[in-house]
Amino acid sequence: NGYIGDDLKSIVELFHPDRNIEFVINSDPATNGMGDSLKLLSHRISDSFVVLPNDGIYQHIPDFTHIEGDLVLGSSPINEDESDYTLLSVKSGSSSIVSVDRNEFNYGRRDNLNSFKSIFTGLMYVKNKETYFDFMNLCGDKPLEIYSPFCHYMTSELCVEAITVQWNDIGTYAKYKELLSR
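All values derive from a computational prediction rather than experimental measurement.

Visitor: Where do I start with the side chain of Ser 118 in this structure?
Guide: Here Ser 118 lies in strand E7 (residues 115–126). Look past the residues within four positions of Ser 118 in its chain and what remains in contact with it is Ser 75, Ser 76, Ile 78, Thr 86, Leu 87, Leu 88 and Val 90.

Visitor: I would appreciate a short explanation of the packing of aromatic side chains in the present structure.
Guide: Each aromatic ring pair is summarised here by two numbers: the centre-to-centre distance and the angle between the ring planes. Under the definition given, this model contains ten aromatic pairs. Consider the rings of Tyr 132 and Tyr 153, whose centres lie 6.5 Å apart with planes at 40°: the pair is tilted. Placement of Tyr 132 in helix H3 (residues 129–137) and of Tyr 153 in helix H4 (residues 150–155) is noted, with a sequence separation of 21 residues between them. An aromatic cluster of three or more residues is present, and its members are Phe 49, Tyr 132, Phe 133, Phe 135 and Tyr 153.

Visitor: I'm lost on H3 in this one. Help?
Guide: The α-helix advances 3.6 residues per turn, and as a result positions three or four apart in sequence lie on the same side. Within the sequence span of H3, burial applies to Tyr 132, Phe 133, Phe 135 and Met 136. Viewed end-on, H3 has its buried residues packed into an arc of 155°, placing them on one side of the element. Exposed side of H3, more than 90 degrees from the buried face: Glu 130 and Asn 137 are the residues found there. Its buried side turned inward, H3 meets helix H2 (34–40), strand E1 (49–51), E7 and H4. Between a side-chain oxygen at the N-terminus of H3 and the backbone nitrogen of Glu 130 the separation is 2.9 Å; the capping residue is Asn 128.

Visitor: Help me out: how do you make sense of a nonpolar patch on the surface in this one?
Guide: On the surface, a nonpolar cluster with roughly 360 Å² of combined accessible area is contributed by Ile 11, Leu 14 and Phe 15. Look at Phe 15 and you get exposed, because its relative accessible area is 59%.

What counts and how
Residues numbered from 1 in each chain as written. Predicted model: local features only at pLDDT ≥ 70, side-chain atom pairs only at ≥ 80, totals over all residues. Heavy atoms only, no water. Helix = DSSP H or I, 4+ residues; strand = E, 2+ residues; numbered from the N terminus. Contact = heavy atoms within 4.5 Å. Phe/Tyr/Trp six-rings, centres within 6.5 Å; stacked < 30°, edge-to-face > 60°. Buried < 20%, exposed > 50% of the residue type's maximum accessible area, 1.4 Å probe, protein only. Arc of directions from axis to C-beta. Polar contact = N/O pair within 3.5 Å; in protein donor to acceptor, adjacent residues only side chain to side chain. Patch = residues over 30% accessible without salt bridge, like charges linked within 9 Å, V, L, I, M, F, W, Y side chains within 5 Å. Areas by Shrake-Rupley, 256 points an atom, 1.4 Å probe, with all protein chains shown as cover. Salt bridge = Lys/Arg side-chain N within 4 Å of Asp/Glu carboxyl O.

Right under this line is the structure:
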């Protein structure tokens, strides 16, 4: 746990007192990203894994066992201020991702006219953890985010694709309260 980790731990323990859950502490969440936190868990993660961020509510989690992609990213149409999100450009008529943009992180062909933009929701399926963390280790940047290795996937022969998911962003208290009022 890192950013608001104590709150998250309290909520999980409240709703799941019967489960034996181990919490890993990110000692420096102010300068570490979510990718750094994920690296702390790399030795405990199975070969294929799903990242499900705690700042979204998903209507349905896809069954990734039948998906061909080596890296599959949850995407949603842009319906809010896109500057708050990591943007994916998806090749029209397919699920292939051609670019990823987040503030100073820009990778791929943003000028691709045969693509459409969507939001990366944070939901992510990784087929091979060794590949993901090898690519993460090539990203010397701090802080490391879960999207840091995406550029290495996109320059490899591996399949990077988007899957549309229905989700509600509750990344701020205001967004959470707005969702409750609906």
